[in-house]
Amino acid sequence: MVASVHPSVVVLGGGIAGMSAAQELMERGFHVTVMESRRIPGGKARSMPVPGTGTEGRRDLPGEHGFRFFPKFYKHVTDTMKRIPYQGGRRSVYDNLIEGTNLGLAFFDRPMQPFLTEFPQSISGWRTLLKSLFRNNLNLSEHDIDHYVSALWKVLTSCDERRLLDYQRVSWWDFLQAEKQSPEFRHIFTGLTRILVAARAREVNACTVGTVGATIMLDMVLPGGSADRLLNGPTNDVWINPWLNYLRQGGVDYRFGAKVEHIHCEDSRIQGVTVTENGQSRRVTADYYLAALPVEVMAELLNDGLLAGDPLLGGLIELAKNVEWMNGVQFYLKEDVPIIHGHVIYMDSPWALTSVSQAQFWPEFRLSDYGNGQVRGIISIDVSDWKVPGILYGKPAMECTREEIKAEVWEQIKRSLNQDKIVLSDDMLVEWNLDEDIQFEEGRATNAEPLLVNHVNTWNLRPNAYTAIPNLFLASDYVRTNTDLATMESANEAARRAVNCILERAGSDASPCKIWDMYDYPILSAWRSNDRARFHKGLPWNGKIIG
Ligand SMILES: Cc1cc2nc3c(=O)[nH]c(=O)nc-3n(C[C@H](O)[C@H](O)[C@H](O)COP(=O)(O)OP(=O)(O)OC[C@H]3O[C@@H](n4cnc5c(N)ncnc54)[C@H](O)[C@@H]3O)c2cc1C
């Protein structure tokens, strides 16, 4: 439905949140301008050519900030993808998502343990199904598995109020009572946290990790498709660039190299934004302003006018301290080494590595058309811990040189994969790439784009999509959402919330953007509603349907 009036909106930042907001507004008839400081769209989700690697007319090798994983529980960002035309509108970019069927856990002292990410069973005994995931060569006792599954079960059957008010104040470590568990329990279950959400179990809150962890595990054991989805080509080729075209064709003015320098707030209203574009500064005005900037950038942009307009925005300064490093490294190989049909978690890697081997998922991309023509396989790796010493130089990634980072990551994955046979060898390596965000100043690495981690007690610092300034709205992965984890899904959900607020303020008759619950397994509702009644009476969770 098209709005009866067509107000203008300036979107600050053109990552997933900014592009999602631009799409929702454009589809409702708003005039939208996006100010993006980089020369490439997509923010942290972007893929990019590795400069100077293409020879004799071939394209530069495809690099990325970090590989893209779309768990089955995503509903918001995938709904948006269904509306982005691909190949002349015959398909949508959503059709470029394909399923990974396995998850591998790799160790330094035993062969990789594969897990199926889709189970064909029917829903019979959820706990039994969850437990079946861990009956593997993981050296876990029956008690370890039972204790972990009970913790997930507690999160799943707790009401929202208890999760948000109680569990976000407790670390995942304390929630699991990890101190009292076996070393194997701590190794596997708290190690998974460090790798999946780039956070230490002692620091991250139980609400976020418990909910996301339980949801991914349930999606692995329930019928209805794989828990793991990924794109069938480089992210910008098969998603972000078609998205940009769709936005521009719909009238969105998406501007590259447009850096927001100052947000002017007077008399509790945004009066304009100073943007530097091609070396020229100018003031941009609109009816509404939607800031889809990373938390640390937004915190830097706060000024007296903004804080006078909404003192609660001051919480962003504290929130912005809760960012960690997570960045990608790609290895380009002269043969395809699929490893496993999905993602691999390197449980013993001190740098908390995860990877995916991409060629098997990119059937329409001939890698021989890229680089020097010799590449046949790509292993894309996320490095999630930059503070723990590595195995070659005894230094954390933050203190390593570019070459040392490459050598460490290569060694950590080789040591994990070459257990019962040689999977990776040095002679396979043609080229490699470290995320362009990692730069080196005076021998120390810097990171232009860290990632927010939901530490204990940070929910209170996180803003809603609306502010007390009537024409300023916030949309990025740090905004309060049902998704509650800094991901493409939360960025998209935040954008929908911000757009809905604009619709309301503008008195628009356009239909609001749809927002889903994080998990809506109807079968759990009996437990959760009983827990809600108990919570409001001040009683603890008891895991029962009645009483
Ligand atoms: C290595 C890594 C791997 C990840 N993997 C996954 C994954 O597999 N699945 C998943 O769901 N999530 C993943 N995430 C998280 C996800 O990428 C982010 O949470 C999400 O992309 C954030 O989107 P955003 O739009 O909120 O912010 P951003 O992506 O940070 O977008 C903000 C935009 O604002 C621009 N900008 C910054 N400053 C200015 C300025 N002053 N003026 C104008 N523009 C500015 C930036 O260039 C950027 O384009 C990963 C993150 C990392 C770091």
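Residues numbered from 1 in each chain as written. Predicted model: local features only at pLDDT ≥ 70, side-chain atom pairs only at ≥ 80, totals over all residues. Heavy atoms only, no water.

As for the overall build of the protein
Here is the rule: Going along the chain from the N terminus, every DSSP run of H or I of four or more residues is numbered as a helix, and every run of E of two or more is numbered as a strand. Here the globule rule is a power law, 2.2 Å times the number of residues to the power 0.38, and the radius of gyration is based on C-alpha atoms. The buried label goes to any residue with under 20% of its type's maximum accessible area, the exposed label to any with over 50%, and the partly exposed label to all in between, with areas taken from a 1.4 Å probe on protein chains only. Methods summary: accessible areas were calculated by the Shrake-Rupley approach with a probe of 1.4 Å, and residue burial reflects only the protein chains presented. As used throughout, the charge tally considers Lys and Arg to be positive and Asp and Glu to be negative, leaving His and the chain termini uncounted. Charged side chains are reduced to one point each, which is NZ for Lys, CZ for Arg, CG for Asp and CD for Glu.
The helix and strand tally for the protein stands at 15 helices and 25 strands. Rg of the C-alpha trace for the protein: 23 Å, near the compact-globule value of 24 Å for 547 residues, within the 12% margin. Along the longest, intermediate and shortest principal axes, the C-alpha atoms of the protein span 75 × 65 × 50 Å. When the 547 residues of the protein are sorted by exposure, 61% land in the buried category. Of the accessible surface of the protein, which amounts to about 21100 Å², a share of 50% is contributed by carbon and sulfur atoms. Each charge class in the protein can be summarised by its mean position, and for the 57 positive and 67 negative side chains these summaries are 4 Å apart.

Section: the nonpolar core
Defined as follows: Residues belong to a common nonpolar core when they are buried Ala, Val, Leu, Ile, Met, Phe, Trp, Tyr or Cys residues joined through side-chain atoms within 4.5 Å. For this analysis, residues touch if any pair of their heavy atoms sits within 4.5 Å.
Core analysis: the largest hydrophobic core is formed by 151 residues, its most contacted members being Trp 172, Trp 239 and Leu 290. Ranked by the residues each element gives to this core, the list is headed by helix α8 (residues 206-221), at 10 residues. When neighbours within four sequence positions are excluded, Trp 172 is seen to be in contact with Tyr 148, Leu 152, Val 155, Phe 189, Thr 193, Ala 201, Val 204, Asn 205, Ala 206, Val 209 and Gly 210. Ala 106, Tyr 346, Trp 410 and Val 423 belong to the second-largest nonpolar core, a separate cluster that totals 30 residues.

Topic: the side chain of Thr 276
Heads up, the condition is: Polar contact is the term for a pair of N or O atoms within 3.5 Å; when the atoms are in protein, one must be able to donate a hydrogen and the other to accept it, and sequence-neighboring residues count only if both atoms are side-chain atoms.
For Thr 276, the position within the fold is in strand β13 (residues 269-277). Using a relative accessible area of 17% as the deciding quantity, one classes Thr 276 as buried. At a separation of 2.8 Å, a polar atom in the side chain of Thr 276 contacts the side chain of Glu 261.

What about the domain arrangement of the protein?
Applicable threshold: Residue ranges for the domains originate in an automatic or database domain assignment. Take the accessible area each of two parts loses on contact, using a 1.4 Å probe, and add the two losses: that sum is the buried area. Salt bridges are defined by distance alone: a side-chain nitrogen of Lys or Arg within 4 Å of a carboxyl oxygen of Asp or Glu. Here the nonpolar group is Ala, Val, Leu, Ile, Met, Phe, Trp, Tyr, Cys and Pro; Asp, Glu, Lys and Arg are the charged ones; every other residue, Gly included, is treated as polar.
According to the domain assignment, the protein consists of domain 1 (8-39 + 256-321 + 456-506), domain 2 (49-87 + 229-234 + 326-447) and domain 3 (126-225). Computed over C-alpha atoms, the centres of domain 1 and domain 2 are 31 Å apart. With 12 residues of domain 1 at the interface, the matching set in domain 2 holds 14 residues. Of the roughly 1100 Å² buried between domain 1 and domain 2 on both sides combined, carbon and sulfur atoms contribute 47%. At the boundary of domain 1 with domain 2, the tally comes to 5 salt bridges. The shortest N-O distance in the salt bridge between Glu 24 and Arg 83 comes to 3.0 Å. Remark: the boundary between domain 1 and domain 2 carries 10 residue pairs in polar contact (both at pLDDT 80 or more). Listing elements by their share of the side of domain 1 that touches domain 2, those giving two or more residues are α1 (16-27) and α14 (488-505). The biggest single contributor to the side of domain 1 that touches domain 2 is α14, with 5 residues. Broken down by class, the residue content of the side of domain 1 that touches domain 2 amounts to 2 nonpolar, 4 polar and 6 charged.

A closer look at the sheet that holds strand β1 (residues 8-12)
Applied cut-off: By the convention used here, strands pair only if DSSP detects at least 2 bridges between them. Fitted lines through C-alpha atoms serve as axes, helices being fitted only where they are in contact, and the angles separating the N-to-C directions of these axes extend from 0 to 180 degrees.
As summarised here, the arrangement of the 5 strands in space is β11-β2-β1-β15-β25, forming an open sheet in which the pairing is parallel. With one partner strand each, in any of the chains shown, β11 (253-255) and β25 (472-474) form the two edges of the open sheet. Neighbour-to-neighbour, the strand axes of this sheet turn through a mean angle of 15°, independent of strand direction. Bridging between β1 and strand β15 (residues 288-291) involves 4 bridges; their strand directions are parallel.

Comments concerning the environment of Phe 185
Relative to the assigned elements, Phe 185 resides in helix α7 (residues 183-196). Sequence spacing of Phe 185 and His 143 is 42 residues, and the spatial spacing of their C-alpha atoms is 9.4 Å. Residues within four places of Phe 185 in sequence aside, it is in contact with Leu 140, Asp 144, His 147, Tyr 148, Leu 176 and Thr 190.

So, the packing of aromatic side chains
Worth spelling out the cut-off: In this analysis, rings of Phe, Tyr and Trp, with Trp reduced to its six-membered ring, are considered paired at centre separations within 6.5 Å, and the interplanar angle assigns stacked below 30 degrees, edge-to-face beyond 60, and tilted for intermediate values. Whether a charge lies above a ring is judged from NZ of Lys or CZ of Arg, which has to be within 6 Å of the ring centre and within 35 degrees of the ring normal.
Going through the model one piece at a time under the given rule, you end up with 15 aromatic pairs. Cluster of aromatic residues (ring-pair linked, three or more members): Phe 70, Phe 73, Tyr 74, Trp 239 and Trp 243. Directly above the aromatic system of Tyr 94 lies the positively charged group of Lys 82, at a separation of 4.7 Å from the ring centroid. Its end group placed over the ring of Trp 173, Arg 202 keeps NZ or CZ at 3.9 Å from the ring centre.

Observations regarding helix α4 (residues 142-156)
To be explicit about the condition: Working rule for helices: expected span equals 1.5 Å times residues minus one.
The end-to-end C-alpha separation of α4 is 21 Å, in line with the 21 Å expected for 15 residues at 1.5 Å each. Every buried residue belonging to α4 is among Asp 144, Ile 145, His 147, Tyr 148, Val 149, Ala 151, Leu 152, Trp 153, Val 155 and Leu 156, and all of these are buried.

Some thoughts on helix α15 (residues 525-536)
Which entries qualify depends on this criterion: Think of the arc as the fan of directions from the helix axis to the C-beta atoms.
With 12 residues, α15 extends 16 Å between its outermost C-alpha atoms, agreeing within 8% with the 16 Å of an ideal straight helix rising 1.5 Å per residue. By the burial criterion, the buried members of α15 are Trp 527, Arg 528, Asn 530, Asp 531, Arg 534 and Phe 535. Projected down its long axis, α15 carries its buried residues within an arc of 160°, all on one side. For α15, the elements touching its buried residues are α4 and α5 (160-165). Just downstream of α15 lies Gly 538, where phi reads positive at about 80°.

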